[in-house]
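Inside the fold
Now for the letters of each chain:
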Amino acid sequence: MRKRALGNTGVEVTELALGTWGLSGDGYGAVVAAEVDRVIDAALSHGIELFDTADVYAKGAIETKLGERIPKGKGFVVTKIGTDLAAQPIRKRFDPSFLEESLDRSAERLKRPLDIVLLHNPTQAALEKAECVGFMREQKNIGKMRLWGVSAGSADVARTAIEQGAEVVELAYNLTLPGDLHAIAGEASQRGTGILARSVLAYGLLAGHWTQDREFYPGDHRADRWTREELRIRVSQLEGLREVASKYVLTLRAAALRFALANDLVSSAVLGPRSVAQLEQLIREAGSEPPYLRDTMLVELSAKLEAAGIKL
Ligand SMILES: NC(=O)c1ccc[n+]([C@@H]2O[C@H](COP(=O)([O-])OP(=O)(O)OC[C@H]3O[C@@H](n4cnc5c(N)ncnc54)[C@H](OP(=O)(O)O)[C@@H]3O)[C@@H](O)[C@H]2O)c1
């Protein structure tokens, strides 16, 4: 498994990471506990050393699981804090006292010193308030975590995070949503921010198997994410991309993975498998070394994206 520098943090990470939201049962439906174990173990045995989680995934149970299965002294764990599950209704909280308790709980569950801690989807206003940023900097300085950063839901939040000195930013980056990372590329490379690209399959859409009338089970976040019409448009946008993918890398899924890895700014692509079979397919199709996408393919993909109305 190749490694890349995580911006200018001095840390190197494997260019594929195991994301664990899909394993938590929260966003996409249940996964049996034994399969969760097998996916984590398979990731380790394939050389993946970066694991992405959050304190809220399965109400902390995924952090506990990672703490149990990742050997001591091995790997890096990215976790995220800033959601108060005990509040009614559940709410985002970025005040220092809540964050401090959250850090302690995560460290206890992970059974290791905290490696990388991200504020989990703060609004721009929360970040601009700066008390949470000051707190994270201070906690890093006293050795509570190795690196701090922000998991950003938009280019604006990512830009604010970079301006506030976040060492790591995680954001969605895929063939249907390339624009957010492109919008902050200048600032990120100038500041040496480590970039983790998530949702590289656009929540499964870019695996390329969906029909326009694909149904999702209740509780699957994708049931609420798109209207019928939006889903129809999204599936139809894939045709041009599939045509280019089949010419160069066989599958749309391979093109999607390699699109993320082809961007030098991306330190790691955070995968979201729900089974060992999916994980191994993703590792195989991602390719093992550059060039992940030939320049001619990138040019053709860009043309198809523009024709499909996707902003680069
Ligand atoms: N705000 C945040 O911090 C945030 C937000 C989102 C994600 N993340 C992190 O990023 C990780 C990945 O994000 P994501 O869930 O948005 O990822 P994604 O990779 O875009 O989509 C994951 C979905 O794709 C499908 N899939 C995965 N491997 C496949 C394969 N080999 N063939 C066909 N379909 C496949 C699965 O759904 P089906 O098989 O059910 O179709 C899976 O649930 C998460 O686990 C989490 O760690 C963080």
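The structure this text deals with has already been given above.
Below or above, wherever it landed, is the structure these notes cover.

Quick notes on the rules
Residues numbered from 1 in each chain as written. Predicted model: local features only at pLDDT ≥ 70, side-chain atom pairs only at ≥ 80, totals over all residues. Heavy atoms only, no water. Helix = DSSP H or I, 4+ residues; strand = E, 2+ residues; numbered from the N terminus. Near = heavy atom within 4 Å. Polar contact = N/O pair within 3.5 Å; in protein donor to acceptor, adjacent residues only side chain to side chain. Areas by Shrake-Rupley, 256 points an atom, 1.4 Å probe, with all protein chains shown as cover. Nonpolar A, V, L, I, M, F, W, Y, C, P; charged D, E, K, R; others polar. Core = buried A, V, L, I, M, F, W, Y, C linked by side-chain atoms within 4.5 Å. Buried < 20%, exposed > 50% of the residue type's maximum accessible area, 1.4 Å probe, protein only. Contact = heavy atoms within 4.5 Å. Axes fitted to C-alpha atoms, helices over the stretch in contact; angles between N-to-C directions. Parallel < 35°, antiparallel > 145°, perpendicular 65-115°, else oblique. Left-handed = near helix turned anticlockwise from the far one by under 90°. Salt bridge = Lys/Arg side-chain N within 4 Å of Asp/Glu carboxyl O. 1 Å grid on protein atoms, 1.4 Å probe; cavity = no way out; pocket = protein on both sides within 12 Å on 5 of 7 lines; lining within 4 Å. Points joined across faces, edges and corners; volume = space filled by probe spheres on them. Pairing = 2+ DSSP bridges.

So, unusual backbone geometry
Note the cis peptide between Gln88 and Pro89, where omega equals -5°. Notably, Ala202 is not glycine yet its phi reads approximately 50°, a positive angle. Tracing the backbone shows Ala202 in the loop between β11 (194-198) and α9 (221-225).

Things to note about the site of the ligand
Around the ligand sit 30 residues in total, of which Tyr28, Asp52, Ser151, Ser199 and Tyr203 are the nearest. One of the backbone N or O atoms of Trp21 is found 2.9 Å from an oxygen atom in the ligand. Ser151 has a polar side-chain atom sitting 2.6 Å from an oxygen atom of the ligand. The fraction of the free accessible surface of the ligand (900 Å²) that becomes covered by protein chains is 92%. Going through the elements one at a time, α1 (21-24), β12 (266-271) and α12 (276-286) are the ones with two or more residues in the shell around the ligand. Top element by residues in the shell around the ligand is α12. It accounts for three residues. Of the residues belonging to the shell around the ligand, the class tally is eleven nonpolar, eleven polar and eight charged.

Observations concerning the nonpolar core
Of all hydrophobic cores here, the largest spans 92 residues; its most connected members are Leu18, Phe51, Val150, Val169, Leu175, Ile184 and Leu279. Dropping the residues within four chain positions of it, Val150 is found in contact with Leu118, Leu119, Pro122, Leu127, Val157, Ala161, Ala166, Val168, Val169 and Glu170. Judged by nonpolar contacts, the second largest core, of 13 residues, contains Leu6, Ala17, Leu50 and Ile116.

Quick look at the packing of helix α2 (residues 33-45) against helix α3 (residues 61-69)
One can describe the packing of α2 onto α3 by two numbers: an axis separation of 11 Å at closest approach and a directional angle of 50°. As judged from the angle between their axes, α2 and α3 are oblique. Taken as a pair, α2 and α3 cross one another with a handedness that is right-handed. Mapping the contact onto sequence places Ala33, Val36, Asp37, Ile40, Asp41 and Leu44 in α2 and Ile62, Lys65, Leu66 and Arg69 in α3. Grouping the amino acids of the contact of α2 with α3 by side-chain chemistry returns six nonpolar, no polar and four charged.

A look at the pattern of salt bridges
What the rule picks out here adds up to 25 salt bridges. Measuring nitrogen to oxygen at the nearest pair gives 3.0 Å for the salt bridge that ties Arg2 to Glu15. Of this pair, Arg2 sits in the segment before β1 (3-5) while Glu15 sits in the loop between β2 (12-14) and β3 (16-19), placing them 13 residues apart in sequence. The shortest N-O distance in the salt bridge between Lys247 and Glu300 comes to 2.8 Å. Of this pair, Lys247 sits in helix α10 (residues 228-248) while Glu300 sits in helix α13 (residues 295-307), and the two are 53 residues apart along the sequence. Classification of Lys247 by relative accessible area gives exposed; the value is 58%. Look at Glu300 and you get partly exposed, because its relative accessible area is 26%. It is possible to trace a salt-bridge network through shared partners that takes in Asp37, Asp41, Lys65 and Arg69.

Details of the packing of helix α4 (residues 96-110) against helix α6 (residues 131-141)
Two elements in contact, α4 and α6, have axes separated by 10 Å at closest approach and are oriented at 40°. With respect to each other, α4 and α6 are oriented oblique. Viewed along their axes, α4 and α6 form a crossing whose handedness is right-handed. Each of Pro96, Leu99, Glu100 and Leu103 in α4 lies in contact with α6, whose residues at this interface are Glu131, Cys132, Phe135 and Gln139. Split into classes, the residues belonging to the contact of α4 with α6 amount to five nonpolar, one polar and two charged.

Here we look at empty space enclosed by the protein
The full count for this structure, using the stated rule, is one cavity of 30 Å³ or more. Taken as a whole, the largest cavity encloses approximately 30 Å³ of empty space. Every residue along the wall of the largest cavity is listed here: Gly67, Ile70, Pro71, Lys72, Leu110, Lys111 and Arg112. Partitioning the lining of the largest cavity into residue classes produces three nonpolar, one polar and three charged.

Some remarks on the sheet that holds strand β9 (residues 145-151)
An order of β3-β4-β5-β8-β9-β10-β11-β12 is seen for the eight strands of this closed barrel, with the pairing classed as parallel. Mean inter-strand twist for the sheet, computed between neighbouring axes without regard to direction, equals 30°. Here strand β4 (residues 50-52) pairs with strand β5 (residues 76-81) via three bridges, running parallel. Each residue of the ladder has a partner; that of Leu50, found in β5, is Phe76.

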